[in-house]
Amino acid sequence: QVQLVESGGGLVQAGGSLRLSCAASGRTFSIYAMGWFRQAPGKERAFVAAISWSGGSTSYSDSVKGRFTISRDNAKNTVTLQMNSLNPEDTAVYYCAARRTFSRLLAREAREYDDWGQGTQVTVSS
(Lines give C-alpha, C1' and ligand atoms only; values in the text may rest on other atoms or scores of the structure.)
Protein backbone atom coordinates (compact mmCIF):
# COMPACT_ATOMS: atom_id res chain seq x y z
CA GLN A 1 0.00 0.00 0.00
CA VAL A 2 2.69 2.44 1.09
CA GLN A 3 6.35 1.75 0.48
CA LEU A 4 8.79 3.18 3.01
CA VAL A 5 12.57 3.47 2.81
CA GLU A 6 14.67 4.65 5.74
CA SER A 7 18.09 6.22 5.49
CA GLY A 8 20.58 8.09 7.63
CA GLY A 9 21.59 5.44 10.13
CA GLY A 10 25.18 4.86 11.13
CA LEU A 11 27.71 5.00 13.93
CA VAL A 12 27.90 7.99 16.23
CA GLN A 13 29.62 8.79 19.51
CA ALA A 14 27.60 9.28 22.68
CA GLY A 15 26.33 12.83 22.85
CA GLY A 16 26.26 13.16 19.10
CA SER A 17 23.42 13.54 16.65
CA LEU A 18 21.93 11.74 13.67
CA ARG A 19 19.10 12.54 11.31
CA LEU A 20 17.00 9.71 9.93
CA SER A 21 14.83 10.11 6.85
CA CYS A 22 11.91 8.07 5.57
CA ALA A 23 10.72 8.34 1.99
CA ALA A 24 7.15 7.21 1.27
CA SER A 25 5.76 6.15 -2.09
CA GLY A 26 2.71 4.38 -3.45
CA ARG A 27 -0.65 5.24 -1.88
CA THR A 28 0.71 8.19 0.06
CA PHE A 29 -2.73 9.83 -0.06
CA SER A 30 -3.88 7.15 2.37
CA ILE A 31 -1.40 8.10 5.08
CA TYR A 32 -2.97 9.32 8.29
CA ALA A 33 0.10 9.20 10.51
CA MET A 34 3.76 8.27 10.35
CA GLY A 35 5.78 6.81 13.17
CA TRP A 36 9.27 5.77 14.15
CA PHE A 37 9.95 2.59 16.12
CA ARG A 38 13.16 0.96 17.23
CA GLN A 39 14.22 -2.54 18.13
CA ALA A 40 17.37 -3.56 19.94
CA PRO A 41 18.65 -7.17 19.92
CA GLY A 42 16.49 -9.32 22.18
CA LYS A 43 14.06 -6.46 22.79
CA GLU A 44 10.52 -5.82 21.63
CA ARG A 45 9.91 -3.22 18.97
CA ALA A 46 9.29 0.04 20.82
CA PHE A 47 7.58 3.30 19.96
CA VAL A 48 9.79 6.34 19.44
CA ALA A 49 7.74 9.11 17.86
CA ALA A 50 4.77 9.76 15.60
CA ILE A 51 3.33 12.62 13.59
CA SER A 52 -0.05 13.16 11.97
CA TRP A 53 0.17 13.68 8.23
CA SER A 54 -2.28 16.54 7.93
CA GLY A 55 -2.08 18.51 11.15
CA GLY A 56 1.47 17.74 12.19
CA SER A 57 0.59 16.76 15.75
CA THR A 58 3.41 14.85 17.41
CA SER A 59 3.86 12.23 20.09
CA TYR A 60 7.07 11.02 21.73
CA SER A 61 8.10 8.24 24.04
CA ASP A 62 9.31 9.39 27.43
CA SER A 63 12.79 8.06 26.71
CA VAL A 64 13.35 10.38 23.74
CA LYS A 65 11.22 13.39 24.63
CA GLY A 66 13.33 16.53 24.53
CA ARG A 67 16.09 14.84 22.53
CA PHE A 68 14.37 13.68 19.34
CA THR A 69 12.23 15.68 16.94
CA ILE A 70 9.94 14.22 14.30
CA SER A 71 8.87 16.29 11.31
CA ARG A 72 7.32 15.79 7.91
CA ASP A 73 7.35 17.31 4.45
CA ASN A 74 4.06 16.40 2.79
CA ALA A 75 5.13 17.74 -0.61
CA LYS A 76 8.18 15.48 -0.63
CA ASN A 77 6.42 12.58 1.12
CA THR A 78 9.17 12.36 3.68
CA VAL A 79 9.42 12.10 7.44
CA THR A 80 12.55 12.85 9.42
CA LEU A 81 13.72 12.03 12.91
CA GLN A 82 16.33 14.39 14.30
CA MET A 83 18.13 12.62 17.14
CA ASN A 84 20.26 14.64 19.53
CA SER A 85 22.15 13.80 22.72
CA LEU A 86 22.37 10.17 21.71
CA ASN A 87 23.42 7.56 24.24
CA PRO A 88 24.28 3.85 23.88
CA GLU A 89 20.74 2.91 24.95
CA ASP A 90 19.52 4.45 21.70
CA THR A 91 21.38 1.76 19.74
CA ALA A 92 18.81 -0.16 17.70
CA VAL A 93 17.38 -0.74 14.28
CA TYR A 94 15.04 2.15 13.56
CA TYR A 95 11.91 1.55 11.51
CA CYS A 96 9.61 3.97 9.76
CA ALA A 97 5.92 3.04 9.77
CA ALA A 98 2.71 4.35 8.22
CA ARG A 99 -0.82 4.17 9.58
CA ARG A 100 -3.59 4.33 6.99
CA THR A 101 -6.66 4.51 9.21
CA PHE A 102 -8.02 7.27 11.39
CA SER A 103 -7.40 7.49 15.09
CA ARG A 104 -8.29 10.32 17.43
CA LEU A 105 -4.91 10.07 19.13
CA LEU A 106 -1.62 9.20 17.51
CA ALA A 107 -0.98 5.46 17.64
CA ARG A 108 1.91 4.31 19.81
CA GLU A 109 1.73 0.55 19.28
CA ALA A 110 3.51 -1.26 16.45
CA ARG A 111 0.40 -3.34 15.73
CA GLU A 112 -1.51 -0.14 14.96
CA TYR A 113 0.64 0.62 11.92
CA ASP A 114 0.07 -0.86 8.50
CA ASP A 115 3.25 -0.44 6.46
CA TRP A 116 6.88 -0.68 7.43
CA GLY A 117 10.29 0.14 6.06
CA GLN A 118 13.24 -2.22 6.12
CA GLY A 119 14.94 -0.45 9.00
CA THR A 120 18.21 1.39 9.41
CA GLN A 121 20.88 0.61 12.01
CA VAL A 122 21.83 3.24 14.56
CA THR A 123 24.81 2.47 16.76
CA VAL A 124 25.90 4.80 19.54
CA SER A 125 29.33 4.17 21.03
CA SER A 126 30.38 5.06 24.55
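Our subject is the structure that appears above.
Residues numbered from 1 in each chain as written. Predicted model: local features only at pLDDT ≥ 70, side-chain atom pairs only at ≥ 80, totals over all residues. Heavy atoms only, no water.

K.L.:
Which residues make up the overall build of the chain, and what values go with them?
P.N.:
In terms of helices and strands, the chain carries 0 helices and 11 strands. For the chain, the N- to C-terminal ordering of α and β elements is β-β-β-β-β-β-β-β-β-β-β. Computed over C-alpha atoms, the radius of gyration of the chain comes to 13 Å, within 12% of the 14 Å expected from 2.2 N^0.38 for 126 residues, which places it in the range of a compact globule. Projected onto the principal axes, the alpha-carbon positions of the chain cover approximately 40 × 25 × 25 Å. The 126 residues of the chain split such that 45% are buried. Taken as a whole, the chain presents about 6500 Å² of accessible surface, with 47% of it coming from carbon and sulfur. Distance between charge centres in the chain, computed from 14 positive and 10 negative side chains, equals 4 Å. (Helix = DSSP H or I, 4+ residues; strand = E, 2+ residues; numbered from the N terminus. Rg over C-alpha atoms; globule rule 2.2 N^0.38 Å. Buried < 20%, exposed > 50% of the residue type's maximum accessible area, 1.4 Å probe, protein only. Areas by Shrake-Rupley, 256 points an atom, 1.4 Å probe, with all protein chains shown as cover. Lys, Arg positive; Asp, Glu negative; His and termini not counted. Charge placed at Lys NZ, Arg CZ, Asp CG, Glu CD.)

K.L.:
Lay out the sheet that holds strand β1 (residues 2–7) with the relevant residues and their values.
P.N.:
Strand order in the open sheet formed by 4 strands is β1-β3-β8-β7, with antiparallel pairing between adjacent strands. Both edges of this open sheet fall to β1 and β7 (68–73), since each of them pairs with a single strand only. Each neighbouring strand pair of the sheet contributes to a mean axis angle of 15°, computed without reference to strand direction. Where β1 and strand β3 (residues 18–26) come together, 6 bridges link them in antiparallel fashion. Bridge pairing in β3 links Val-2 to Gly-26. (Pairing = 2+ DSSP bridges. Axes fitted to C-alpha atoms, helices over the stretch in contact; angles between N-to-C directions.)

K.L.:
So, unusual backbone geometry: which residues are in play, and what are the values?
P.N.:
Here Asn-77, not a glycine, exhibits a phi torsion of approximately 55°, which is positive. Take Asn-77: it is sitting in the loop between β7 and β8 (78–83). Even without a glycine there, the phi angle at Ser-85 is positive, about 50°. Positionally, Ser-85 belongs in the loop between β8 and β9 (92–99).

K.L.:
Can you explain the nonpolar core? Please cite residues and give values.
P.N.:
Counting residues in each nonpolar core, the largest one holds 28 residues, and the members touching the most others are Met-34, Trp-36, Leu-81, Met-83 and Tyr-94. Listing elements by their share of this core, those giving two or more residues are β1, β3, β4 (33–39), β5 (46–52), β7, β8, β9 and β11 (120–125). Grouped together as the second largest cluster of nonpolar side chains are 8 residues, Ala-50, Ala-97, Ala-107 and Tyr-113 included. (Core = buried A, V, L, I, M, F, W, Y, C linked by side-chain atoms within 4.5 Å.)

K.L.:
Provide a residue-level description of the state of the cysteines, including the pertinent values.
P.N.:
Two cysteines, two sulfur atoms, one covalent bond between them: this is a disulfide. The full count for this structure, using the stated rule, is 1 disulfide. One disulfide in the model links Cys-22 with Cys-96; its S-S distance is 2.1 Å. Taking the torsion about the sulfur-sulfur bond, which here is approximately -80°, the covalent link between Cys-22 and Cys-96 counts as left-handed. Of this pair, Cys-22 sits in strand β3 while Cys-96 is found in strand β9, placing the two residues 74 residues apart along the sequence. Cys-96 shares its class with Cys-22; the two are buried. (Disulfide = S-S within 2.5 Å.)

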